[in-house]
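So the chains spell out like this:
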Amino acid sequence: MKTALAIEVTKTSQSKLAQTDFDNLMFGQTISDHMFVADYENGEWTNLRIVPYEPLSLNPANATLHYGQSVFEGMKAYKNDAGEILLFRADANQKRLNASAERMCIPEVPEEIFMEGLYKLLEMDADWIPQKPGYSLYVRPFIFATDDYLGIRPSQKYSFMIFTCPVGHYYAKPVTVKVEQTYTRAAEGGTGYAKAAGNYAASLYPALLAQKQGYDQLLWTDGKTHQNIEESGTMNVMFVVNDTIITAPTHTGTILKGITRESVLILAKEMGYVVEERFMTVSELEKLLQAGKLTEAFGTGTAATIAHIAKININGVDYELPAKGEDAFSNQVLRKLDAIKYGKVTDTHGWIRKV
Ligand SMILES: *Cc1c(COP(=O)(O)O)cnc(C)c1O
């Protein structure tokens, strides 16, 4: 892609590439050499630049630190067999970032700044994208308030940044989950549909309580009745009963509209499955588990793509789900998605962009 915008580039003089162990990547710990930055001042995004990844200097009165006016995205870039860089549905992430931003009174980042900054960053740090099955480059765009002011109001200044991390498989083994019926992740009219920093801070404590009991994640229920299963920590959740895929609808505004979720549902329909976007209730799930009728349960999200659920705790009772064979829906759809993302099949959905 030709760069039309003026992006100033400062290359690192000390690349970390040579000392990076690509065989032992911990999710989010290894960060590539450069980052893209833009500043919002006087009503416009300016000072577009790529600089070495480095610590920021912040005033202690920085508005984000106190009031959390911050939103983020997560997506992945892949390398195909020819070594070309492929982006999966980055346009959807760009739109969702702005939808989240609007909810938090953060100014939108124009599509061309997002895309041109991203493409240039990926070109510069192309060697950081592992060319290995299951491996990819996780991309983290985010916007945060930068006013140094303690009054509560929308900040007048912001920074937009993108940095990247080479990653391997997120969840190597299936996850165990606990259905949460005391704490609430998101309420109607709240910020659940936004990828806003505060949502995740608020979910840490209930998740920690579950982890102390031996579960990896929570299955959140709605804030009003705690009967409807909504989603998991950073994943949407799907249940399979024979040829039907059941997943929570997104119209309540309490559920993050996952791009993996949408992609899986599109593929499921093409594969001849029935898709039901409706709430699975806790008691329905309990009955299915008791009767051994739940065929599969799994999470969907960019980090893991598909995370199989091996155990579900409802009201103190553990239900084990048998391991899934190659022909399980979740494994079939995972292979299909991977084939698209790594450029092994023709992209008939317009999901892939070559950088
Ligand atoms: C990011 C996220 C997801 C998954 O979204 P993808 O676009 O598929 O990565 C689901 N739920 C929550 C709460 C999230 O933050």
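- As annotated in an unreviewed UniProt entry, the chain is branched-chain-amino-acid transaminase from Mongoliitalea lutea.
- The Function (unreviewed entry) field of the UniProt record for the chain holds the comment "Acts on leucine, isoleucine and valine."
- Of the chain, the UniProt comment under Cofactor (unreviewed entry) reads exactly: "pyridoxal 5'-phosphate".

Thoughts on the site of the ligand
Okay, step 1: Of all residues adjacent to the ligand, which total 15 residues, the nearest are Lys 195, Tyr 200, Glu 231, Thr 260 and Thr 302.
Okay, step 2: One of the side-chain nitrogen or oxygen atoms of Thr 302 is found 2.6 Å away from an oxygen atom of the ligand.
Okay, step 3: Protein contact buries 97% of the 380 Å² of open area that the ligand shows by itself.

Quick look at the side chain of Lys 178
Okay, step 1: Within the secondary structure, Lys 178 is located in strand β9 (residues 175-180).
Okay, step 2: No salt bridge is formed by the buried Lys 178. Its closest oppositely charged neighbour is Glu 180, at 4.2 Å.
Okay, step 3: When near neighbours in sequence (up to four residues on either side) are disregarded, Lys 178 contacts Ala 210, Gln 213, Tyr 215, Gln 217, Leu 218, Leu 219 and Asn 313.

Topic: the pairing of strand β15 (residues 305-314)
Okay, step 1: Across the 10 residues of β15, eight count as buried, placing the element largely inside the fold.
Okay, step 2: Alignment of β9 against β15, held across four bridges, turns out to be parallel. Its bridge partner lying in β15, Thr 176 is registered against Lys 311.
Okay, step 3: Judged from the four bridges that link them, strand β14 (residues 296-301) and β15 form a sheet pairing that is antiparallel. Bridging from a neighbouring strand, Phe 298 pairs with His 308 of β15.
Okay, step 4: In this structure, the hairpin formed by β14 and β15 is closed by a connection of three residues.
Okay, step 5: In terms of strand pairing, β15 meets strand β16 (residues 317-320) through four bridges, oriented antiparallel. The partner of Ile 312 across the bridge, within β16, is Tyr 319.

Side note on the domain arrangement of the chain
Okay, step 1: What the domain assignment lists for the chain is domain 1 (8-168) and domain 2 (175-341).
Okay, step 2: Across the boundary between the two partners, domain 1 contributes 20 residues, which contact 20 residues of domain 2.
Okay, step 3: Interface area for domain 1 against domain 2, summed over the two sides, is near 1800 Å², with a carbon-plus-sulfur share of 61%.
Okay, step 4: Inspection of the domain 1/domain 2 interface yields one salt bridge.
Okay, step 5: Put simply, Arg 89 and Glu 262 hold a salt bridge, and the shortest N to O gap is 2.6 Å.
Okay, step 6: Remark: the boundary between domain 1 and domain 2 carries 11 residue pairs in polar contact (both at pLDDT 80 or more).
Okay, step 7: Broken down by secondary-structure element, the contributors of at least two residues to the side of domain 1 that touches domain 2 are β4 (70-72), β5 (75-79), β6 (85-88) and α2 (90-103).
Okay, step 8: The dominant element in the side of domain 1 that touches domain 2, judged by the number of residues it contributes, is α2, at six residues.

Quick word on the nonpolar core
Okay, step 1: Ranked by internal contacts, the top residues of the largest apolar core, which has 38 residues, are Phe 36, Trp 45, Leu 118, Ile 143 and Phe 160.
Okay, step 2: In terms of residues, this core owes the most to one element, helix α3 (residues 111-124), which gives seven residues.
Okay, step 3: Once residues lying within four places of it in the same chain are set aside, the contact partners of Leu 118 are Met 75, Leu 87, Ala 90, Val 139 and Ile 162.
Okay, step 4: Judged by nonpolar contacts, the second largest core, of 22 residues, contains Val 240, Leu 267, Leu 334 and Tyr 342.

Comments concerning the UniProt feature "modified residue: N6-(pyridoxal phosphate)lysine" (unreviewed entry) in the chain
Okay, step 1: Sites flagged by UniProt as "modified residue: N6-(pyridoxal phosphate)lysine" (unreviewed entry) map to Lys 195.
Okay, step 2: In this structure, Lys 195 sits in the loop between β9 and α4 (197-212).
Okay, step 3: Since its relative accessible area comes to 13%, Lys 195 is described here as buried.
Okay, step 4: Beyond its immediate chain neighbours, meaning those up to four positions away, Lys 195 contacts Ser 70, Val 71, Phe 72, Glu 73, Gly 74, Arg 96, Ser 100, Tyr 200 and Leu 256.

Thresholds, definitions, all that
Starting from 1, residues in each chain are numbered consecutively following that chain's sequence as written. Where totals are concerned, whole chains, interfaces and linings use all residues; where local detail is concerned, this predicted model gives features only for residues with pLDDT of at least 70, and gives and counts side-chain atom pairs only at 80 or more. Calculation of side-chain values draws on the structure's entire complement of heavy atoms; hydrogens and water are dropped beforehand. UniProt positions are given in the numbering used here, feature names are shortened, and annotations may be inferred rather than shown by experiment. Throughout this document, a residue counts as near a molecule or strand when at least one of its heavy atoms sits within 4 Å of that molecule or strand. What qualifies as a polar contact is a pair of N or O atoms within 3.5 Å, subject to a donor-acceptor requirement within protein and to the restriction that residues adjacent in sequence count only when both atoms come from side chains. To measure how exposed things are, a 1.4 Å probe is used in the Shrake-Rupley method; for residues, cover is taken only from the protein chains shown. For the purposes of this entry, the term helix denotes a DSSP run of H or I that reaches at least four residues, the term strand denotes a run of E that reaches at least two, and both are numbered from the N terminus. Exposure classes here rest on a 1.4 Å probe applied to the protein chains alone. A residue is buried below 20% of its type maximum, exposed above 50%, and partly exposed in between. By the counting scheme adopted, Arg and Lys are positive, Glu and Asp are negative, and His together with the chain ends is not counted. Should a side-chain nitrogen of Lys or Arg be within 4 Å of a carboxyl oxygen of Asp or Glu, the pair is scored as a salt bridge. Throughout, a contact is declared for two residues whenever any of their heavy atoms are within 4.5 Å. Should DSSP find at least two bridges between two strands, the strands are taken to pair. As annotated, the domain borders come from an automatic or database domain assignment. Buried area: the accessible surface (1.4 Å probe) lost by two parts on joining, summed over both. Put simply, a nonpolar core is a bunch of buried Ala, Val, Leu, Ile, Met, Phe, Trp, Tyr and Cys residues held in one set by side-chain atoms that sit within 4.5 Å of each other.

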